[in-house]
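Results of the structural survey
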Amino acid sequence: MSMGSLSDDDMFDNMSDKDISENDSEVDLYDDADGFDIIVSEKDRRKAWEVDFRPHSEADIKKSQDKQIQEICDLLGQNKENSAILLRHFRWDKDRLIEKYMEDSERVNRQAGIIESEEAAPHIRKVTGFMCDICCDDEDVDTYAMLCDHRFCVGCYSQYLTSKIRTEGESQKIQCPGDKCRAAVDERTVRLLVDNSTYDRYITLLNRTYVDGNILLRWCPAPECEYAVECAIGPKQLDHIVPTVVCTCRNRFCFGCGLPDHQPSICRLVKLWIKKCEDDSETANWISAHTKECPKCNSTIEKNGGCNHMTCRKCKNEFCWICMGSWSEHGQNYYNCNRFEEKSGVDARDAQTKSRASLERYLHYYNRFANHEQSAKLDRELYKRTEKKMLQLQTTSDLSWVECQFLSSGVDILCEARQTLKWTYAFAFYLARDNVTELFENNQRDLEMAVEQLSELCEKPIEQADISALKQQILDKTAYVGSRREVLLKDTAAGLQEERWTYIV
Ligand SMILES: [Zn+2]
Ligand SMILES: [Zn+2]
Ligand SMILES: [Zn+2]
Ligand SMILES: [Zn+2]
Ligand SMILES: [Zn+2]
Ligand SMILES: [Zn+2]
């Protein structure tokens, strides 16, 4: 992976503000009608947890290579093909290439597989008395040789290159087919000898190698997507920031590890968490069940929406789907559902008690992690059903299409916030318990409460009579959830920067 030092202007222009500690968003505080502090950030400023990034098409990537190749042409007086071979040999580390080339150009050329010659670039031609060493054909055929003068018939040469490219997926390391010859096959030779689609494949492979070897670039992991994203966050910074990027195809992923967006948990912990969940998948399987029993009357309850505030049809008991505790304990002042209480006073000296306690702790976090993932799915499914109703509304009421978008944007924010919440649990699992953890959990609690309230609103049956009241409630709550999410992400971003937390790993 190491690429040496590529400076910005080598790559693409205008990537600004690499320093993530600068340029924090300005924050204004004012009172909302609900009495909550609403935090509004300036829209066009980058937020504390965001990073600069730029998606690039394959054509862009090719262009940026061409630009660097041209620079080497001008500087070293080599032709384009050789400059490309040299740059690739030095993995695009221009400074090192120039330094070594100045020291001993002959040696550099030899190592890179470049034949020094005064002759003009080779062409396909017929040679009298020629016999091809590969197919032993001595008919009057077209032949080709690079400057190393290993000559073969065009059919064999082309077949050799095509198989290197198509079968072996090789691009920048293809060498002359001559026995023990280390001359590098250049782009011009490939273009002369293979068909168009193989040549395109060759260029794609060159691009791929270029991106894979460049720490400033990463391919978008979405299937079929051919964009790469450029971002200046290196592997060493990943304990201090979560570099979420968005591709042109709208796929949102982590530049650090390539996984789907996992704000606010850092890559290292995400990796550990995923491994842990895989190892313990059987223990945790029962959690993702769609049905549970009412804690009071034991009748079966099915969950068909994202909202975790459950009401038993039979006994009307209101309880929390996650902890199965009474819902009355989930009000503003007592909400404690997100926090794991270590049982005090329990003698945890023997191994069995200890392992049970650690399992219980894991299940607390896993339960909530899995639940938000599942709830987001259910929120979306429920919305799809409601959408039909919304369409009806547009024909029967005065509401326009634009006005009917409040539910759709509410569900979008809801799912985004659940995604964030989900990863706060993976993060919290690895936090040592201290005062700063408590602050994190307070932010988590506030976001979670807001999310459950919005989820409940979005599940309300839509009746034409009170639609405008519901609309206002959903709009307000959507804004509130958005601001709570910002508070949490901003604070975590600051915490990561200042190494606020101790991890238990
Ligand atoms: Zn041949
Ligand atoms: Zn050769
Ligand atoms: Zn993409
Ligand atoms: Zn990551
Ligand atoms: Zn019941
Ligand atoms: Zn609960």
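Refer to the structure presented above.
The following paragraphs examine the structure supplied in this document. (Residues numbered from 1 in each chain as written. Chains lettered and ligands numbered in written order. Predicted model: local features only at pLDDT ≥ 70, side-chain atom pairs only at ≥ 80, totals over all residues. Heavy atoms only, no water.)

**A word on helix α14 (residues 467-497)**
With 31 residues, α14 extends 45 Å between its outermost C-alpha atoms, agreeing within 8% with the 45 Å of an ideal straight helix rising 1.5 Å per residue. At the C-terminal side of α14, E499 shows a positive phi close to 50°. (Helix = DSSP H or I, 4+ residues; strand = E, 2+ residues; numbered from the N terminus. Expected span 1.5 Å × (residues − 1).)

**Quick notes on the coordination of the zinc ion (ligand 2)**
Within the protein, C148 (SG), H150 (ND1), C176 (SG) and C181 (SG) serve as the donor atoms for the zinc ion (ligand 2), at 2.0 to 2.3 Å. For the zinc ion (ligand 2), all donor residues lie on one chain, and their spacing in sequence is C-x1-H-x25-C-x4-C. You can see H150 sitting in the loop between β5 (142-144) and β6 (152-153) and its partner C181 sitting in the loop between α6 (154-166) and α7 (187-193), a full 31 residues away along the chain. Take H150: its relative accessible area is 28%, and that puts it in the partly exposed class. (Donors = N, O, S within 2.8 Å, 3.2 Å for Na, K, Ca; no water. Buried < 20%, exposed > 50% of the residue type's maximum accessible area, 1.4 Å probe, protein only.)

**Here we look at the packing of aromatic side chains**
Each aromatic ring pair is described using two quantities: the centre-to-centre distance and the angle formed by the ring planes. Summed over all chains, the structure comprises 20 aromatic pairs. Seen from their ring centres, Y365 and F429 are 5.8 Å apart, and the 75° between their planes marks the pair as edge-to-face. Here Y365, found in helix α11 (residues 351-396), pairs with F429, found in helix α12 (residues 405-429); they are 64 residues apart in sequence, far enough to count as distant. Relative to F440, the ring of F427 lies with its centre 5.2 Å away and its plane at 65°, an arrangement referred to as edge-to-face. (Phe/Tyr/Trp six-rings, centres within 6.5 Å; stacked < 30°, edge-to-face > 60°.)

**What about the state of the cysteines?**
Covalent bonding between the sulfur atoms of two cysteines is what defines a disulfide. Here the structure, examined in full by the defined rule, presents 0 disulfides. Take C136: it sits in no disulfide, and the sulfur closest to it among the cysteines is that of C135, at 6.8 Å. By relative accessible area, which is 48% here, C136 ends up partly exposed. (Disulfide = S-S within 2.5 Å.)

**With respect to the sheet that holds strand β4 (residues 125-126)**
Paired through backbone hydrogen bonds, the strands of a sheet run either parallel or antiparallel to each other. The antiparallel open sheet is built from 3 strands, whose spatial order is β4-β5-β6. Of all the strands in the sheet, the pair left with one neighbour each is β4 and β6. Across 2 bridges, the pairing between β5 and β6 is antiparallel. The partner of T143 across the bridge, within β6, is C153. (Pairing = 2+ DSSP bridges.)

**Focus on the coordination of the zinc ion (ligand 1)**
Looking at the metal site, the zinc ion (ligand 1) is ligated by C132 (SG), C135 (SG), C153 (SG) and C156 (SG), spaced 2.2 to 2.3 Å from it. In this structure, the zinc ion (ligand 1) is surrounded by 4 donor atoms whose angles at the metal cover 101 to 118°, and the resulting shape is tetrahedral. (Tetrahedral: all angles 85-135°; square planar, octahedral: opposite > 155°, others 65-115°.)

**Considerations on helix α8 (residues 196-212)**
Here α8 is 17 residues long and its end C-alpha atoms lie 24 Å apart, about the 24 Å a rise of 1.5 Å per residue gives. Three or more residues of α8 are buried, namely T198, Y199, Y202, I203, T204, L205, L206, N207, Y210 and V211. The residue sitting at the N-terminus of α8 and contributing the capping side-chain oxygen is D195; that oxygen lies 3.2 Å from the backbone nitrogen of S197. (Polar contact = N/O pair within 3.5 Å; in protein donor to acceptor, adjacent residues only side chain to side chain.)

**Structural notes on the pattern of salt bridges**
Inspection of every chain in the model, using the stated rule, returns 20 salt bridges. When the shortest N-O distance is used, the salt bridge between D379 and R418 registers 2.6 Å. One end of the pair, D379, is in helix α11; the other, R418, is in helix α12, with 39 residues separating them in the sequence. Looking at D379, the relative accessible area reads 4%, which means it is buried. Of the charged contacts, one joins D446 and R445 as a salt bridge, the two residues approaching to 3.2 Å between their closest N and O atoms. Accessibility expressed as a relative area gives 18% for D446, which makes it buried. Residue classification places R445 among the partly exposed positions, given a relative accessible area of 21%. What you see here is one network of salt bridges that share partners, running through K62, D66 and E187. (Salt bridge = Lys/Arg side-chain N within 4 Å of Asp/Glu carboxyl O.)

**Some details on the nonpolar core**
Nonpolar side chains in soluble globular proteins tend to be buried together. Counting 30 residues, the largest nonpolar core has M390, L407, L447, V451, I462, I474 and V481 as the members making the most contacts within it. Looking at this core, the elements with two or more residues in it are α11, α12, α13 (435-459) and α14. A total of 8 residues in this core trace back to one element, the largest contributor, which is α14. Those residues in contact with I474 that sit more than four places away from it in its chain are F406, L407, L454, L457 and C458. L161, I174, Y199 and L206 belong to the second-largest nonpolar core, a separate cluster that totals 25 residues. (Core = buried A, V, L, I, M, F, W, Y, C linked by side-chain atoms within 4.5 Å. Contact = heavy atoms within 4.5 Å.)

**Some thoughts on the side chain of H330**
Tracing the backbone through its elements, the reader meets H330 in the loop between β14 (318-320) and α11. By relative accessible area, H330 is classed as buried at 9%. Polar contacts involving the side chain of H330 include one to the main-chain carbonyl oxygen of S326, which spans 3.1 Å. If near-sequence neighbours (up to four positions away) are discounted, H330 is found in contact with C320, C323, G325, Y335, C337 and M449.

**A look at the packing of helix α4 (residues 94-103) against helix α5 (residues 105-112)**
Packing of α4 against α5 brings their axes to within 5 Å, and their N-to-C directions diverge by 120°. The pairing of α4 with α5 is recorded here as oblique in orientation. Packed against α4, whose contacting residues are L97, K100, Y101 and E103, the element α5 presents S105, V108 and N109 at the interface. In the contact of α4 with α5, the residues fall into 3 nonpolar, 2 polar and 2 charged. (Axes fitted to C-alpha atoms, helices over the stretch in contact; angles between N-to-C directions. Parallel < 35°, antiparallel > 145°, perpendicular 65-115°, else oblique. Nonpolar A, V, L, I, M, F, W, Y, C, P; charged D, E, K, R; others polar.)

**So, the sheet that holds strand β8 (residues 228-231)**
Sheet architecture is open: 3 strands sit in the order β3-β8-β7, paired in antiparallel fashion. What marks the edges here is a single partner per strand, and that holds for β3 (53-56) and β7 (217-219). Adjacent strand axes in the sheet meet at a mean angle of 25°, parallel and antiparallel pairs treated alike. In this structure, β7 lies alongside β8, joined through 3 bridges in antiparallel fashion. Residue pairing in the sheet places L217 in a bridge with E230 of β8. Taken strand by strand, helix α2 (residues 58-76) contacts β3, β7 and β8, and its axis lies near 100° from that of β3. In this fold α8 packs onto β7 and β8, with an angle of close to 125° to the strand it touches most, β7.

**So, the environment of Q405**
Assignment of secondary structure puts Q405 in helix α12. By relative accessible area, which is 24% here, Q405 ends up partly exposed. Considering only alpha carbons, one finds Q405 and E387, 18 residues apart in sequence, at a separation of 9.8 Å.

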